Amino acid sequence: MSTHHRMFHGRAALPTVLTTLPILLAPLLALGACNGSNGTGSTSGGATGQTRTLSFQLASQEIVESSGTTQIRIDVSSAFDGPVTLPFTVSGTATENDDFTIDSSPLTIAAGQTTAVIDLTLVDDDEFEGAETLTIGLLPPSFGTLTNVTEFTATIHDHELGGPLDGLTQDELDAFHRGKVQFERRFQPSEGLGPFYNATSCAACHSHPISGGASQVYRNFFLATYFVGTIANQGGAIGPGLSKIVPSYGTGPNHSSAVFALDGGRPAIPEMFNGEPVITAQRNAIPIFGTGLFEFISDATIKSNEDINDLNGDGISGRANTTLDGMAIGRFGVKAQVNNVELFTRGPLQNQMGITTDPLLGSGGIISLGAAAQEGSDPNQATLDDDGHNDPEMLPNELADLIAFTRFLGPPLPKTMDDAALHGKSLFTDLRCAACHIPELPSSRGPVRAYTDLLLHDMGPDLADNFIFGDVGDTTQEFRTQPLWGISDVGPYLHDGRAGTLSEAILLHGGEAQLSRNAFTGLSAEDQADLIHFLESL
């Protein structure tokens, strides 16, 4: 892709080199007062003794190629008495006409206006181009003194929801597309499906609104285990399953004597197992868009946000979950019980579909520290079953591609925020929602804007599922802070899908989030709507 640069009013075009990193601060453009102070000798356009500033409302924005026309807004500190023309340059790796069209320069700001917009229309094509940039730079206006040039940078993405990360190599992109085929592959009994299983494909649960997403409540699955004496002393699987995940299909006491069945239903879960009480919980599949980026967030970053003993007295005491005697920090799963994508893929393959695999990287794929495991698995061990089919039931190259799909699945892109969403963003901070839903975490691939801290937080007794995962002790009331990016596309909400709307999800928060929840209920209906509108823009 060639760098494109356009400048108006006869000025010579100079080549520029642009980065895809967003501009952090929007510089201001100061305009001098009239009576000759503008350097042009003109007294039209301004009011005596006043200085005006212009700035883009946003310094940067991420836009999907298929989004059509975006209005790029310029705010003026106070209105002019007469019309003012504002020339601008357009530059970047995106190419005009091939990738976008834009309003012609100069922009005219009419008398009395305090805002102006530049219309940017993107061209949606089938060519994969990765992220491209477009920068608009303001030049000195017809009235006023320019003290600093304001710039706006748009990063244009090929992918819509469910597409690949930007910046992949051709080999990575090819693996992503092959992996999507594996993700949507419906396994057959002849390929090792079952005999105990809940779904025939990954996409059967992660399908809303597209492959990689969440699921409706009817797709919920059950967990079950028993405890001895106290709920903190939990056992393992009950019945024929290999894990705490309860299979809906297949009958029999164990794999070797199981009867495969295509007809199933919610199994009857006993109240007692070997004389001990049984506890159960439901899970709603969580979306995996962009979660491969969590592998690039270091342990140090995650632990830097811990406050296990609430030393700052704010009522929030997040902690990282660990596995294998505390040697690895979790990032994935409802309770952050899994360290990396390989383990997050291999565990459900067996627990949900009965598909066995051999390790690829094993402990060599652990992020930052020792090793982590899907509940009941070892990263260096093959998963096995005794169903009459040769193990592994998924070939290594197929598993590698499936892992590549999850690892390279792009994150949801934020929508353009209007005034209501920007107000909601301010409320989100004021209510201290951002204390747990941290807007971005640094990573070796740049900022990950997922609105999570990847820590466990006590959410109170009403949300407790009574299950313990990991090495950090009692997690019966604790859950990983769920990422909020793309939240409007992946309802229902919470770990078991009990909340049908974002407002319901907020009202069900308790424990460490109780004060924020109470503050939300104290807002006016309009303010509550603005906060929800902000969440819907993420």
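Residue positions are counted from 1 within each chain, in the order its sequence is given. Thresholds applied to this predicted model are a pLDDT of at least 70 for local features of residues and 80 or more for the giving and counting of side-chain atom pairs; totals over whole chains, interfaces and linings are not thresholded and use all residues. The basis for every side-chain value is the complete set of heavy atoms in the structure, and neither hydrogens nor water enter the calculation.

**Student:** So what about the overall build of the chain? Which residues, and what values?
**Tutor:** Assigned secondary structure in the chain consists of 8 helices and 20 strands. Think of it in three bands: with a 1.4 Å probe and only protein chains considered, a residue is buried below 20% of the maximum accessible area for its type, exposed above 50%, and partly exposed in between. Each of the 538 residues in the chain was classed as buried or not, and the buried ones make up 51%. Every residue pair with non-hydrogen atoms within 4.5 Å of one another is taken to be in contact. Counting contacts in the chain only where the partners sit at least 6 residues apart, residues at least 24 apart contribute 70% of the total. If you sum the accessible surface of the chain, you get close to 22,900 Å²; carbon and sulfur atoms cover 53% of it. Helix and strand definitions here come from DSSP, where helices need a minimum of 4 consecutive H or I residues and strands a minimum of 2 consecutive E residues; each element is numbered from the N-terminal end. Note on areas: Shrake-Rupley, 1.4 Å probe, and residue coverage restricted to the protein chains presented here.

**Student:** Explain the state of the cysteines to me, using residue names and the numbers behind them.
**Tutor:** We call a pair of cysteine sulfur atoms a disulfide whenever their separation is within 2.5 Å. The final tally for this structure, using the stated rule, is 0 disulfides. Summary of cysteine pairing: Cys202 is not part of a disulfide, and the nearest cysteine sulfur, belonging to Cys205, is at 8.9 Å.

**Student:** Any details on the sheet that holds strand β13 (residues 221-226)? Residues and values, ideally.
**Tutor:** DSSP bridges decide pairing: two strands pair if at least two such bridges lie between them. Here 4 strands make up an open sheet; going across it, the order is β14-β13-β16-β15 and the pairing antiparallel. Two strands bound the open sheet, and with one partner strand each, they are β14 (245-246) and β15 (272-273).

**Student:** Talk me through the nonpolar core; I want residue IDs and the actual numbers.
**Tutor:** Ranked by size, the top nonpolar core spans 74 residues in total, and within it Phe294, Leu349, Phe428, Leu531 and Leu535 carry the most contacts. Only α1 (170-184), β18 (328-329), α3 (341-353), α4 (396-408), α5 (419-430), α6 (502-507) and α8 (525-536) provide two or more residues apiece to this core. Looking at which element gives the most residues to this core, the answer is α4, with 6 residues. Once residues within four sequence positions are removed from consideration, Leu531 is found in contact with Gly424, Leu427, Phe428, Leu431, Ile506, Phe520 and Leu523. Counting 27 residues, the second largest nonpolar core, distinct from the first, contains Val84, Leu86, Phe100 and Ala154. What makes a nonpolar core is a set of buried Ala, Val, Leu, Ile, Met, Phe, Trp, Tyr and Cys residues whose side-chain atoms join them at distances within 4.5 Å.

**Student:** Would you mind going over the pattern of salt bridges in detail, with residue names and values included?
**Tutor:** The term salt bridge refers to a side-chain nitrogen of Lys or Arg lying within 4 Å of a carboxyl oxygen of Asp or Glu. This model, assessed by the stated rule, comprises 14 salt bridges. The shortest N-O distance in the salt bridge between Glu398 and Arg185 comes to 3.3 Å. Linking Glu398 in helix α4 with Arg185 in the loop between α1 and β13, this pair joins segments that are 213 residues apart in sequence. Judged by relative accessible area, Glu398 falls into the buried class, the value being 16%. Here Glu295 ties to Arg407 by a salt bridge, and the two come within 2.7 Å at their closest N and O atoms. Here the residue Glu295 occupies a position in the loop between β16 (276-283) and α2 (299-304), and Arg407 occupies one in helix α4, the gap between them amounting to 112 residues. Since its relative accessible area comes to 10%, Glu295 is described here as buried.

**Student:** Run through the pairing of strand β10 (residues 115-122), naming residues and quoting values.
**Tutor:** Residues of β10 alternate between two faces, with Ala116, Ile118, Leu120 and Leu122 buried on one and Thr115, Val117, Asp119 and Thr121 left unburied on the opposite face. Where strand β8 (residues 100-102) and β10 come together, 3 bridges link them in antiparallel fashion. Paired with Ile102 across the bridge in β10 is Leu120.

**Student:** Provide a residue-level description of the confidence of the model for the chain, including the pertinent values.
**Tutor:** Looking at the chain as a whole, the pLDDT averages 84, with 85% of positions reaching at least 70. Every residue in residues 1-49 scores below 50 in pLDDT, and together they form 126 contacts with partners more than four places removed in sequence or on other chains. Confidence of the predictor at the level of single residues is captured by pLDDT, which takes values from 0 to 100. This stretch, residues 369-376, has a pLDDT under 50; its non-local contacts, to residues over four places away or in other chains, come to 34 contacts.

**Student:** Explain the packing of α3 against α4 residue by residue, including any values.
**Tutor:** Geometrically, a packed helix pair is captured by the angle between its two axes and the distance between the axes. Helix axes are fitted only over the stretch in contact, all axes being lines through C-alpha atoms; the angle between N-to-C directions runs from 0 to 180 degrees. Their axes nearest at 9 Å, the elements α3 and α4 cross at an angle of 120°. By the angle between their directions, the pair α3 and α4 is classed as oblique. The way α3 lies across α4 gives a crossing that is right-handed. Counting all contacts with α3, which are made through Val341, Glu342, Thr345, Arg346 and Leu349, the residues of α4 involved are Leu399, Leu402, Ile403, Thr406 and Arg407. Small angles under 35 degrees read as roughly parallel and large ones over 145 as roughly antiparallel, with 65 to 115 read as roughly perpendicular and the rest as oblique. Put simply, a crossing is left-handed when the front helix is turned counterclockwise from the back one by less than a right angle, and right-handed when it is turned clockwise.

**Student:** Can you tell me about the packing of aromatic side chains, naming the residues and giving the values?
**Tutor:** Here a pair means two rings of Phe, Tyr or Trp (six-membered ring of Trp) with centres within 6.5 Å. Their orientation is stacked below 30 degrees between planes, edge-to-face above 60, and tilted elsewhere. Enumeration according to the criterion identifies 12 aromatic pairs in this entry. Here Phe183 and Phe405 contribute two aromatic rings whose centre-to-centre distance is 4.8 Å and whose plane-to-plane angle is 40°, an arrangement assigned as tilted. One end of the pair, Phe183, is in helix α1; the other, Phe405, is in helix α4, and 222 residues separate them in sequence. Through pairs of rings, three or more aromatic residues link up here, namely Phe294, Phe332, Phe344 and Trp485. The lysine or arginine in question, Arg445, covers the ring of Phe296, its NZ or CZ lying 5.3 Å from the ring centre. Any Lys NZ or Arg CZ found within 6 Å of a ring centre and within 35 degrees of that ring's normal is scored as a charge over the ring.

**Student:** Break down unusual backbone geometry for me, citing the residues and quoting the values.
**Tutor:** Where the residue is not glycine, phi is negative for most of them; where a peptide bond is considered, it is trans in most cases. Omega for the bond connecting Ser105 with Pro106 falls within 30 degrees of zero, at 0°, which places this linkage in the cis form. Here Pro106 is to be found in the loop between β8 and β9 (107-109). The linkage connecting Gly491 with the following residue, Pro492, adopts the cis geometry, with an omega of 5°. As for its placement among the helices and strands, Pro492 is situated in the loop between β20 (478-480) and α6. In this model, Tyr451 sits at a positive phi of 60°, which is unusual for a non-glycine residue. With respect to the helices and strands, the residue Tyr451 is situated in the loop between α5 and β19 (456-458). For Tyr451, a relative accessible area of 10% translates into the label buried.

**Student:** Got a sec to walk through the environment of Glu96? Specific residues and values, please.
**Tutor:** Here Glu96 is to be found in the loop between β7 (88-92) and β8. With 38 residues separating them along the chain, Glu96 and Leu134 place their C-alpha atoms 9.4 Å apart.

**Student:** Account for α4, with residues named and values stated.
**Tutor:** A helix is expected to span 1.5 Å multiplied by its residue count minus one. In this model α4 runs 18 Å from its N-terminal to its C-terminal C-alpha over 13 residues, within 8% of the 18 Å that 1.5 Å per residue would give. Considered for burial, the residues of α4 that qualify are Glu398, Leu399, Asp401, Leu402, Ile403, Ala404, Phe405, Thr406 and Phe408. Looking at the buried residues of α4, the elements they touch are α1 and α3.

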